[in-house]
Amino acid sequence: MAQGEPTLILDIDSSSLGACILEQGEMPILKSVKRVPIGTGETRDTSALIPLLKEALAAILPTYAKEYPKLA
């Protein structure tokens, strides 16, 4: 990854979706860190989590559109 190119990082688990932008430089910087709930954490069935994840992604990804991440 080139220095300074923003990277979108997604952290998906059974109870939440986290996202942030990583900017590389002398020191890596995390910015625009957000986390949204997607369930109770008890559901492990993929077919049950996918609709919840789609809703969470639709809610959180527009936040990062203006960042123009180069990698995701």
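Throughout this description, residue numbers start from 1 for each chain and increase along the sequence as written. The predicted origin of the model limits local features to residues at a pLDDT of at least 70 and limits the giving and counting of side-chain atom pairs to 80 or more, whereas totals for whole chains, interfaces and linings rest on all residues. Side-chain numbers come from the whole structure's heavy atoms, not from hydrogens or water.

Visitor: Account for the pairing of strand 1 (residues 6–12), naming residues and giving values.
Guide: When DSSP finds two or more bridges between two strands, those strands count as paired. Segments assigned H or I by DSSP are reported as helices when at least four residues long, segments assigned E as strands when at least two residues long, and all are numbered from the N terminus. Here strand 1 runs beside strand 2 (residues 16–23); their pairing, made up of 7 bridges, is antiparallel. By the bridge assignment for strand 2, Leu10 is matched with Ala19. Counting the residues that bridge the hairpin from strand 1 to strand 2 gives 3 residues.

Visitor: Please provide a residue-by-residue account of the sheet that holds strand 3 (residues 29–37), values included.
Guide: Spatially, 1-2-3 is the arrangement adopted by the 3 strands of the open sheet, whose pairing is antiparallel. Each of the sheet's edge strands pairs with one partner strand only, and the pair in question is strand 1 and strand 3. Sheet twist, expressed as the mean angle between neighbouring strand axes with direction ignored, is 15°. The sheet contact formed by strand 2 and strand 3 spans 7 bridges and is antiparallel. Note on strand 3: the bridge partner recorded for Gly18 is Arg35. Axes here mean lines fitted to C-alpha atoms, for a helix over just the part in contact, with angles spanning 0 to 180 degrees between N-to-C directions.

Visitor: I'd like to hear about the pattern of salt bridges, residue by residue, with values.
Guide: We define a salt bridge as a contact between a side-chain nitrogen of Lys or Arg and a carboxyl oxygen of Asp or Glu at a distance within 4 Å. Per the counting criterion, the structure on display carries 2 salt bridges. With a closest N to O distance of 2.6 Å, Asp11 and Arg35 form a salt bridge. In this pair, Asp11 sits in strand 1 while Arg35 sits in strand 3, placing the two residues 24 residues apart along the sequence. Summary of the burial criterion: residues with accessible area below 20% of their type's maximum are buried, those above 50% are exposed, and those between are partly exposed, where the area comes from a 1.4 Å probe applied to protein chains only. Exposure remark for Arg35: the relative accessible area of 45% places this residue in the partly exposed category.

Visitor: Could you give me a rundown of a nonpolar patch on the surface, with the residues and numbers involved?
Guide: To count toward a patch, a residue needs a relative accessible area over 30% and no salt bridge; like charges are then connected within 9 Å, while nonpolar side chains (Val, Leu, Ile, Met, Phe, Trp, Tyr) are connected within 5 Å. Computed with the Shrake-Rupley method and a 1.4 Å probe, the accessible areas treat only the protein chains shown as cover for residues. On the surface, Ile9, Leu30 and Val33 cluster together to form a nonpolar patch covering roughly 270 Å² of accessible area. Here Leu30 shows up in strand 3.

Visitor: Explain helix 1 (residues 46–60) residue by residue, including any values.
Guide: A helix is expected to reach a length of 1.5 Å times the quantity of its residues less one. Here helix 1 spans 20 Å end to end across 15 residues, near enough to the 21 Å set by a 1.5 Å rise per residue. Among the residues making up helix 1, those that are buried are Leu49, Leu53, Ala56 and Ile60. Looking at the buried residues of helix 1, the elements they touch are strand 1, strand 2 and strand 3. Two residues form a contact once any of their heavy atoms are found within 4.5 Å.

Visitor: Could you give an account of the nonpolar core, with specific residues and numbers?
Guide: Side chains of nonpolar character tend, in soluble globular proteins, to be buried together. Residues grouped as a nonpolar core are buried Ala, Val, Leu, Ile, Met, Phe, Trp, Tyr and Cys residues, joined through side-chain atoms within 4.5 Å. Formed by Leu8, Leu17, Ala19, Ile21, Ile38, Leu53, Ala56, Ile60 and Tyr64, the largest nonpolar core amounts to 9 residues. At the level of elements, strand 2 and helix 1 are the ones that each hand at least two residues to this core. Other than its neighbours up to four places away in sequence, Ile38 contacts Asp13, Ser14, Ser15, Ser16, Leu17, Leu52, Leu53 and Ala56.

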